Amino acid sequence: MSTTMVVGVDAGATSTRCVVADLDGVVLGRGTAGGANRNSSGGEVSASLTAALGAALQALDRTKVSCGVLGAAGSAGAGRAAFRATATRAWADAGLAGELVTVTDLEVAYAAGTAEPDGVLLLAGTGALAALFAAGQLSRRSDGYGWLLGDEGSAVWIAVRALRAVLAALDGRGEPTSLLDAACHHFAVPDLLQLAGDHGGEPELLQSARDHSGVPDLQESRDHAGLRGEDVAQGLIAATFAVAPAALGGFAPAVSAAAERGDRVAGRICAAAADRLLHTFDSVGPPPGAAVVLAGSVLLSPGAVSRAVRAGLLARTAATPRTALDGAAGAAGLAIARITGAPVPPVVHARLTHAPDRG
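All residue numbers refer to positions counted from 1 along the written sequence of the respective chain. Residues qualify for local features only when their pLDDT is at least 70, as the model is predicted, and side-chain atom pairs are given and counted only at 80 or more; totals for whole chains, interfaces and linings, by contrast, use all residues. Hydrogen atoms and water are omitted, and side-chain values are computed over all heavy atoms in the structure.

Draft legend 1. Summary view of a nonpolar patch on the surface. Patch membership requires more than 30% relative accessible area and the absence of a salt bridge. Residues of like charge join within 9 Å; the nonpolar side chains Val, Leu, Ile, Met, Phe, Trp and Tyr join within 5 Å. To be clear on the numbers: accessible area is Shrake-Rupley with a 1.4 Å probe, and residue cover counts the displayed protein chains and nothing else. A side-chain nitrogen of Lys or Arg and a carboxyl oxygen of Asp or Glu constitute a salt bridge if their distance falls within 4 Å. A cluster of nonpolar side chains, contributed by Y145, W147, L148 and L149, occupies part of the molecular surface with about 520 Å² of accessible area. Inspection of the secondary structure puts Y145 in the loop between β8 (137–143) and α4 (155–171). The numbering of helices and of strands both runs from the N terminus, where a helix is a DSSP run of H or I of at least 4 residues and a strand a run of E of at least 2.

Draft legend 2. Layout of the packing of aromatic side chains. Centre distance within 6.5 Å is the pairing criterion for rings of Phe, Tyr and Trp, where only the six-membered ring of Trp is used; planes under 30 degrees apart are then read as stacked, over 60 as edge-to-face, and the remainder as tilted. Tallied over the full model, the rule gives two aromatic pairs. When the centroid spacing of 5.6 Å and the interplanar angle of 55° are considered together, the rings of F187 and F251 count as tilted. Of this pair, F187 sits in the loop between α5 (179–186) and α6 (192–198) while F251 is found in the loop between α9 (229–241) and α10 (252–260), placing the two residues 64 residues apart along the sequence. Whether a residue is buried, partly exposed or exposed follows from its accessible area with a 1.4 Å probe, protein chains only, as a fraction of its type maximum: under 20%, in between, or over 50%, in that order. The exposure class assigned to F187 is buried, which follows from its relative accessible area of 11%.

Draft legend 3. Inspection of the sheet that holds strand β3 (residues 27–34) at higher detail. DSSP-based pairing: two strands are paired if at least 2 bridges between them are found. The five strands are arranged β3-β2-β1-β4-β5 in an open sheet whose pairing can be described as mixed. Looking along the sheet, the strands with just one partner apiece sit at the ends: β3 and β5 (99–104). Each neighbouring strand pair of the sheet contributes to a mean axis angle of 15°, computed without reference to strand direction. Bridge count between strand β1 (residues 5–11) and strand β2 (residues 15–22): seven bridges; the pairing is antiparallel. What sits directly across from M5, in β2, is D22. It only takes one pair of heavy atoms within 4.5 Å for two residues to be counted as in contact. Each axis is a line fitted through C-alpha atoms, and for a helix only the stretch in contact is used; angles between axes span 0 to 180 degrees, taken between their N-to-C directions. Sitting on the sheet, helix α3 (residues 105–113) touches β1, β4 (65–72) and β5, and the angle it makes with β5 is about 90°.

Draft legend 4. The sheet that holds strand β7 (residues 128–134), seen in detail. The strand order across the open sheet built from five strands is β8-β7-β6-β9-β10, with neighbouring strands paired in mixed fashion. A strand with exactly one partner marks an edge of an open sheet, and here the two such strands are β8 and β10 (322–324). Averaged over all neighbouring strand pairs, the angle between strand axes comes to 25°, with direction disregarded. Relative to the sheet, α3 contacts β6 (119–124), β7, β8, β9 (291–295) and β10, its axis offset from that of β6 by approximately 110°. The sheet strands contacting helix α11 (residues 264–283) are β6, β7, β8 and β9, and the helix crosses β6 at an angle near 155°.

Draft legend 5. Spatial organisation of the pairing of β1. Most of β1 sits inside the fold, with seven of its seven residues counted as buried. What you see with β1 is no split at all: M5, V7, V9 and A11 on one side and V6, G8 and D10 on the other are buried throughout. Between the end of β1 and the start of β2, which pair antiparallel, lie three residues. Inspection of the sheet shows β1 paired to β4 by seven bridges, in the parallel sense. Opposite V6, over in β4, you have C67 as the bridge partner.

Draft legend 6. Structural view of the environment of D93. Following the sequence through the fold, D93 ends up in helix α2 (residues 80–93). Judged by its relative accessible area of 52%, D93 is exposed. Spatially, the C-alpha atom of D93 lies 9.7 Å from that of L49, the residues being 44 residues apart in sequence.

Draft legend 7. Representation of the side chain of T16 in the model. Following the sequence through the fold, T16 ends up in strand β2. T16 gets classed as buried once you look at its relative accessible area, which sits at 0%. Each polar contact in these results corresponds to two N or O atoms within 3.5 Å; when the atoms are within protein, one needs to be able to donate a hydrogen and the other to accept it, and residues that are neighboring in sequence are counted only if both atoms are side-chain atoms. Side-chain polar atoms of T16 contact the backbone oxygen of G34, separated by 2.7 Å.

Draft legend 8. Fine view of the pattern of salt bridges. Summed over all chains, the structure comprises nine salt bridges. For E175, the salt bridge is made with R268, and the minimal N-O distance between the two is 2.6 Å. Highlighted residues: E175 in the loop between α4 and α5 and R268 in helix α11, separated in sequence by 93 residues. The partly exposed category is assigned to E175, whose relative accessible area is 27%. Within the structure, one salt-bridge network assembled from shared partners comprises E175, R264 and R268.

Draft legend 9. Fine view of the confidence of the model for the protein. Summing up the model confidence of the protein, the mean pLDDT is 85 and the portion of residues at 70 or higher is 84%. The quantity known as pLDDT measures the predictor's confidence residue by residue, on a range of 0 to 100. Taking the mean pLDDT of every element in the protein, the minimum, 38, falls on helix α7 (residues 203–208) and the maximum, 98, on α11. Taken as a whole, residues 200–213 scores under 50 in pLDDT and shows 21 contacts with residues more than four places along the chain or in a different chain. Predicted confidence is poor over residues 218–226, with pLDDT under 50, and the contacts of this stretch with residues over four places away or in other chains come to 16 contacts.

Draft legend 10. Examining the pairing of β2 more closely. Counting buried positions along β2 gives six out of eight residues, so the element sits mostly inside the fold. Pairing analysis gives seven bridges linking β2 to β3, with the strands arranged antiparallel. Among the inter-strand pairings, V19 is bridged to a residue of β3, identified as R30. The turn joining β2 and β3, which pair antiparallel and follow one another in sequence, is formed by four residues; a positive phi near 85° is taken by G25.

Here is the structure:
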């Protein structure tokens, strides 16, 4: 094969994806591996990058790769040098000799949604932030400070607040919520009904104590079955502390589903998440008429948060936002632009990202 090829990598907190393409935007290979964010994924970042590259390139001539753009969460600021060193090692381990460019996950996500040089990226997946782009360059960002210090409205942010609400319901500080059952199911922790059977209680009394929303009356449950909510609380604590922080975000869809069923606690959490994300969007000062790209599982999946954010953006911009479905393809597009020295044509961008040809 004589075709010049490019490589694009999107190394996120929960997965690492790689795309190999030609200069016309035809995808020639794909590969995936585990998360590659040293702040929240755990594991070896270099190994994830090498695995994704190897899977995408296994049937291709690696000597034809002229450029690669590797983007990663956690690679800005203090993490830039560390990611560059890790990416360089993985690039060499994959047997690649072409030019290597490292960027953040923001550039690749924005490039996945549009080829336009000016616009705003609003991302809410494992993490959350907004980024303003001007003339193709990142000019301002808001949030994206990680699960411990920021990422307001992200999947992890939603999950942590839901788990706090569950623990508050168990010890009497908060109102009953169906999130208790959802959390026990998601994290494989015995719930109150199971513990009632294990301890010789009467599960049917617990079932009759549920209101019309399926939410248990915890005090009545304890009175009838002699259960200690601390058993469930300690089980949830052990299960959640046993996983990497990024993995907690997997509970967010259950919170969204509970909100859709009318759970008041879940509804308030989702509403707060949407408010935080819209405030983050406003904080970067989006110019009138700028393209808006949405990225991340929270905003790309149907649910209360996505619906509220899209409605808020429509009210602000009077335009339907675009979606970034494949950050690795966006990274490949950046590599094509670097080789050609020109913006990626809309038709090439559409072919590369499998998106409508609209720029």
